[in-house]
There are 2 protein chains.
Amino acid sequence: MSQSKRAELIRKALMLFYRNGFHATGMDLVARETGVSKTSIYKHFRTKEELILAVLRLRDENFRNWLYRRMEELADTPKGQLLAMFDALGEWFREDNFKGCMFIKASAEFQEHDHAINAQAYAHKQLLVDHFEALARQAGLSDPHVSARQLLILKEGAIVIAAMSHTDTSAKEAKRIAEDLLA
Amino acid sequence: MSQSKRAELIRKALMLFYRNGFHATGMDLVARETGVSKTSIYKHFRTKEELILAVLRLRDENFRNWLYRRMEELADTPKGQLLAMFDALGEWFREDNFKGCMFIKASAEFQEHDHAINAQAYAHKQLLVDHFEALARQAGLSDPHVSARQLLILKEGAIVIAAMSHTDTSAKEAKRIAEDLLA
DNA sequence: TCCCTCATTAACTGATCGGTACATATTTAT
DNA sequence: ATAAATATGTACCGATCAGTTAATGAGGGA
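What counts and what doesn't
Residues numbered from 1 in each chain as written. Chains lettered and ligands numbered in written order. Predicted model: local features only at pLDDT ≥ 70, side-chain atom pairs only at ≥ 80, totals over all residues. Heavy atoms only, no water. Patch = residues over 30% accessible without salt bridge, like charges linked within 9 Å, V, L, I, M, F, W, Y side chains within 5 Å. Areas by Shrake-Rupley, 256 points an atom, 1.4 Å probe, with all protein chains shown as cover. Salt bridge = Lys/Arg side-chain N within 4 Å of Asp/Glu carboxyl O. Lys, Arg positive; Asp, Glu negative; His and termini not counted. Charge placed at Lys NZ, Arg CZ, Asp CG, Glu CD. Helix = DSSP H or I, 4+ residues; strand = E, 2+ residues; numbered from the N terminus. UniProt positions renumbered as here; feature names shortened; annotations may be inferred. Least-squares fit on C-alpha atoms with pLDDT ≥ 70 in both. Contact = heavy atoms within 4.5 Å. Near = heavy atom within 4 Å. Polar contact = N/O pair within 3.5 Å; in protein donor to acceptor, adjacent residues only side chain to side chain. Nonpolar A, V, L, I, M, F, W, Y, C, P; charged D, E, K, R; others polar. Phe/Tyr/Trp six-rings, centres within 6.5 Å; stacked < 30°, edge-to-face > 60°. Buried < 20%, exposed > 50% of the residue type's maximum accessible area, 1.4 Å probe, protein only.

Draft legend 1. Representation of a negative patch on the surface within the structure. Judged by side-chain charge, E179(A), D180(A), E179(B) and D180(B) come together as a negatively charged surface patch. Contributions of two or more residues to the negative patch are made by α9 (169-182) of chain A together with α9 (169-182) of chain B. Here D180(A) is to be found in helix α9.

Draft legend 2. Inspection of the UniProt feature "DNA-binding region" (unreviewed entry) in chain A at higher detail. The feature "DNA-binding region" (unreviewed entry), as annotated in UniProt, sits at residues 26-45 of chain A in this numbering. Along residues 26-45 of chain A, the helical share is 75% and the strand share 0%, with 14 Å between the first and last C-alpha atoms.

Draft legend 3. Quick look at the relation of the copies chain A and chain B. Rotating chain A by 180° about the axis while translating it 0.0 Å along that axis superimposes it on chain B, leaving an RMSD of 0.0 Å. Each copy turns onto its partner about a two-fold axis. Within chain A, the C-alpha atom positioned nearest to the axis of rotation is that of G157(A), 1.8 Å from it. When the interface residues of chain A are mapped onto chain B, 97% of them again lie at the interface, so the same face is used by both copies.

Draft legend 4. Structural context of the protein's contact with DNA strand D. DNA strand D sits among 15 residues. The nearest are S37(A), T39(A), M27(B), K38(B) and K48(B). Backbone polar atom of M27(B) to a phosphate oxygen of DNA strand D: 2.7 Å apart, as the coordinates give it. The separation between a base oxygen of DNA strand D and a polar side-chain atom of T39(B) is 3.5 Å. The set of elements that each furnish at least two residues to the surface near DNA strand D consists of α3 (38-44) of chain A together with α2 (27-34) and α3 (38-44) of chain B. In terms of residue count, α3(A) provides more of the surface near DNA strand D than any other element does, four residues in total. In terms of residue class, the surface near DNA strand D is built from three nonpolar, eight polar and four charged.

Draft legend 5. Representation of the protein's contact with DNA strand C in the model. Neighbouring residues of DNA strand C: 15 residues in total, closest M27(A), K38(A), Y42(A), K48(A) and T39(B). Close to the protein, within 4 Å, the atoms of DNA strand C are drawn from sugar and phosphate at a rate of 54%. M27(A) is positioned with one of its backbone polar atoms (N or O) 2.7 Å from a phosphate oxygen of DNA strand C. The separation between a phosphate oxygen of DNA strand C and a polar side-chain atom of S37(B) is 2.9 Å. If one sorts the elements of the surface near DNA strand C by residue count, α3(B) sits on top with four residues. Across the surface near DNA strand C, the residue classes break down as three nonpolar, eight polar and four charged.

Draft legend 6. A look at the packing of aromatic side chains. Residues and elements named next belong to chain A. Applying the stated criterion to the full structure yields 14 aromatic pairs over all chains. Where W92 meets F93, the ring centres are 6.0 Å apart and the plane angle is 35°; that geometry is what we call tilted. When sorted by exposure, W92 lands in the same class as F93, which is buried. Here F93 and F98 contribute two aromatic rings whose centre-to-centre distance is 5.0 Å and whose plane-to-plane angle is 45°, an arrangement assigned as tilted. Take F93 and F98: they sit in the same class, and that class is buried. Through successive ring pairs, a cluster of aromatic residues spans F63, W66, W92, F93 and F98.

Quick look at the structure:
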């Protein structure tokens with residue numbers, strides 16, 4: 001299987017898992033929708049879990065690239081970028097295929113304490129916190145680490161409410177809190 | 001089936017679904033663990049979805065009762081109670097069997113736009129917001145509705161992070177934000 | 001005692017689960 | 001050109017999925 005074929009398999013599997021959930025998406029469906037037979041899939045991923053982990057790696061890359069870039073496009077100061085994150089989230093919430101945070105959902109479906117999928121989901125959040133913390137430090141905030149973790153709480157809360165309510169208002173509400181936090 | 005038998009069935013099913021997830025928990029396992037045969041279960045619940053909805057009703061009742069009572073025990077002013085919510089959440093996070101918010105997980109597994117389970121999960125959050133809003137109004141806040149929704153965002157964010165990180169620090173971090181909000 | 005009713009159950013349905021054995025292309029090396 | 005190696009698809013594995021069928025059980029009224 002070529003590198004591009006493999007990448008497309010992961011990309012299509014991502015859409016299926018994101019839309020339908022992990023347990024609810026069978027490997028037969030993955031094979032049918034990707035046009036790659038199950039045997040071939042299992043040649044490159046020993047288990048469904050390994051495929052999910054590969055999907056989460058792609059999602060982490062795509063999502064953080066998109067978010068960081070959008071934050072930079074919307075503002076040119078560190079503090080402005082942290083606030084602009086909530087505008088970017090609002091754009092995401094308004095997308096037709098918005099279905100919440102893939103990592104929250106992965107963690108919810110595989111929450112055994114030491115599960116690799118749970119660990120990888122949390123690793124994604126830690127990378128986000130690291131980015132926020134760097135920006136908070138550049139912005140001259142007194143406690144960049146705490147501020148970063150607080151921004152993460154606001155972000156996750158806004159996403160959860162947006163996914164359940166099918167509205168984007170939580171983005172603005174969270175932004176107002178962040179404005180106080182960073183003032 | 002007696003009323004108490006039915007209540008115990010729902011109670012045991014709740015634990016199974018909370019621990020293992022909804023799709024991952026089969027009806028055979030529910031029958032085995034509750035000691036009630038599948039046929040009897042399906043006599044009282046036409047589908048698995050109906051059982052899940054009954055479970056969520058029980059969870060809504062239990063969780064809100066517990067949270068509201070704990071908030072009242074920990075503080076005697078409206079504002080104090082809203083802040084005490086985060087102390088109560090911290091207690092919850094430290095429980096051995098803490099596995100995140102059942103409604104977030106239900107919504108994540110059944111997120112089709114108009115799904116009854118999703119709707120019921122969101123209804124639970126709306127009941128929480130209503131309670132927060134009443135307290136915010138009693139506390140004399142200028143915009144009780146927005147404050148209530150912001151507190152919900154903090155609560156959900158703290159829960160998601162606690163579930164993924166297996167720590168309780170998000171409770172304190174969220175509380176510090178709430179203290180600014182309600183100041 | 002007999003019959004009726006209703007709750008309960010074991011055993012089963014076809015479909016799907018994650019994963020595999022094996023036979024058949026297709027590619028690569030010589 | 002040919003043989004070895006790799007990639008792929010079909011057809012299947014036992015287990016489990018949500019849900020049902022047909023038989024059994026106990027309890028109550030006459």
